[in-house]
Amino acid sequence: MKIQGCILILGMVVCNACEFKRLDTAKMKQDMENQQIKHVTSSQLSTFSSEKGEELAGVLQQQPVRALRNTTFVDSLAKASASRIVFVPTQDLSKPQTDTKTKEVFAAYQYSAEKHLPQETNIQQIGDGSEWLYTVPVVMTKEIEAALVNKSISNPVIQSVPQNDLLGLWAIYLNRKELIRQIDPKKLEKKNL
């Protein structure tokens, strides 16, 4: 009897020690893909960062009043895309920036705004190459003008400008490491970049 009791107690101890934990296989798969070595050329990274910037710009341009009014909306978009998104009003374009390339990009937009030239999106590698800056011009529209008049946009730095003139820029900062992490090598092969 003692032997059976000891075996029973030993069996219960072993069962308790061997807890079966459920593994999150989706997370494990994602972690393995993130650790995969990827060879990405500069042109591929430039193309991918431009596509990512266009995607974020599309969301911001679909809802311009909401984006200008609601910082929570912009912050959640930035967090979901692992980027940094900042609205820079025209009066702040000439203020000192930390990066020389950013200063040059903003100066070019300032010049275009003063000469009433068409505004276009732009992608630039800035600093030591660890970030890409995708800029999206925001021009005054009837919708934004109405929101300023109704005070549904109460941001004090946004000043009313004539219609179709540059109101400011969305500066989307894309992290190089995060871009590389998001790149799918199979898609790169199909695109033949």
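Everything here concerns the structure above.
Residues numbered from 1 in each chain as written. Predicted model: local features only at pLDDT ≥ 70, side-chain atom pairs only at ≥ 80, totals over all residues. Heavy atoms only, no water.

(A) Representation of the pattern of salt bridges. This model, assessed by the stated rule, comprises three salt bridges. Note that glutamate 131 is salt-bridged to arginine 84, the shortest N-O span being 3.3 Å. Separated by 47 residues along the polypeptide, glutamate 131 in strand β3 (residues 131-139) and arginine 84 in strand β1 (residues 83-89) bring together distant segments of the chain. (Salt bridge = Lys/Arg side-chain N within 4 Å of Asp/Glu carboxyl O. Helix = DSSP H or I, 4+ residues; strand = E, 2+ residues; numbered from the N terminus.)

(B) Structural view of the nonpolar core. By size, the foremost hydrophobic cluster in this structure holds 32 residues, and its most contacted members are Ile144, Leu167 and Trp170. Of all the elements in the fold, those that place two or more residues in this core are α3 (42-62), α4 (64-69), α5 (71-81), β1, β3, α7 (142-149) and β4 (166-175). With five residues, the top contributor of residues to this core is α3. If you look at the next biggest cluster of nonpolar residues, it comprises 11 residues, including Val105, Tyr109, Leu169 and Ala171. (Core = buried A, V, L, I, M, F, W, Y, C linked by side-chain atoms within 4.5 Å. Buried < 20%, exposed > 50% of the residue type's maximum accessible area, 1.4 Å probe, protein only.)

(C) A look at α3. Between its first and last C-alpha, α3 extends 30 Å over 21 residues, near the 30 Å set by a 1.5 Å rise per residue. Inspection of α3 places Gln44, Leu45, Phe48, Ser49, Ser50, Lys52, Gly53, Leu56, Ala57 and Leu60 among the buried residues, and these make up the whole buried set. (Expected span 1.5 Å × (residues − 1).)

(D) Focus on empty space enclosed by the protein. Overall, the coordinates contain one cavity of 30 Å³ or more when judged by the stated rule. The computed volume of the largest cavity comes to approximately 30 Å³. Together, Lys52, Ser81, Ala82, Ser83, Leu174, Asn175, Glu178, Leu179 and Gln182 line the largest cavity. Mapped by element, the contributors of at least two residues to the lining of the largest cavity are β4 and α8 (176-182). The greatest single-element share of the lining of the largest cavity, amounting to three residues, is contributed by α8. Across the lining of the largest cavity, the residue classes break down as three nonpolar, four polar and two charged. (1 Å grid on protein atoms, 1.4 Å probe; cavity = no way out; pocket = protein on both sides within 12 Å on 5 of 7 lines; lining within 4 Å. Points joined across faces, edges and corners; volume = space filled by probe spheres on them. Nonpolar A, V, L, I, M, F, W, Y, C, P; charged D, E, K, R; others polar.)

(E) Region of interest: the environment of threonine 141. Mapped onto the elements, threonine 141 comes out in the loop between β3 and α7. Taking the C-alpha atoms as reference, threonine 141 lies 9.8 Å from leucine 166; in sequence the two are 25 residues apart. At 3.2 Å, the side chain of threonine 141 forms a polar contact with the backbone nitrogen of isoleucine 144. (Polar contact = N/O pair within 3.5 Å; in protein donor to acceptor, adjacent residues only side chain to side chain.)

(F) Geometry of the packing of aromatic side chains. A complete count under the given rule lists one aromatic pair for this structure. Here phenylalanine 87 and tryptophan 170 contribute two aromatic rings whose centre-to-centre distance is 5.2 Å and whose plane-to-plane angle is 65°, an arrangement assigned as edge-to-face. Of this pair, phenylalanine 87 sits in strand β1 while tryptophan 170 sits in strand β4, and the two are 83 residues apart along the sequence. On the basis of relative accessibility, which here comes to 16%, the residue phenylalanine 87 falls in the buried class. According to the relative accessible area criterion, tryptophan 170 is buried, its value standing at 5%. (Phe/Tyr/Trp six-rings, centres within 6.5 Å; stacked < 30°, edge-to-face > 60°.)

(G) How the structure looks around the sheet that holds β3. Spatial strand order, β1-β4-β3-β2: four strands in an open sheet with antiparallel pairing. Strands with a single pairing partner mark the edges of an open sheet, and in this sheet they are β1 and β2 (122-126). Averaged over neighbouring strand pairs, the angle between their axes works out to 25° when direction is ignored. Of the strand pairs in this sheet, β2 and β3 are connected by five bridges, and their pairing is antiparallel. By the bridge assignment for β3, isoleucine 123 is matched with tyrosine 134. This element, α3, spans β1, β2, β3 and β4 of the sheet and lies at about 35° to β3. Its contacts with the sheet put α5 on β1 and β4, and the angle it makes with β1 is roughly 145°. (Pairing = 2+ DSSP bridges. Axes fitted to C-alpha atoms, helices over the stretch in contact; angles between N-to-C directions. Contact = heavy atoms within 4.5 Å.)

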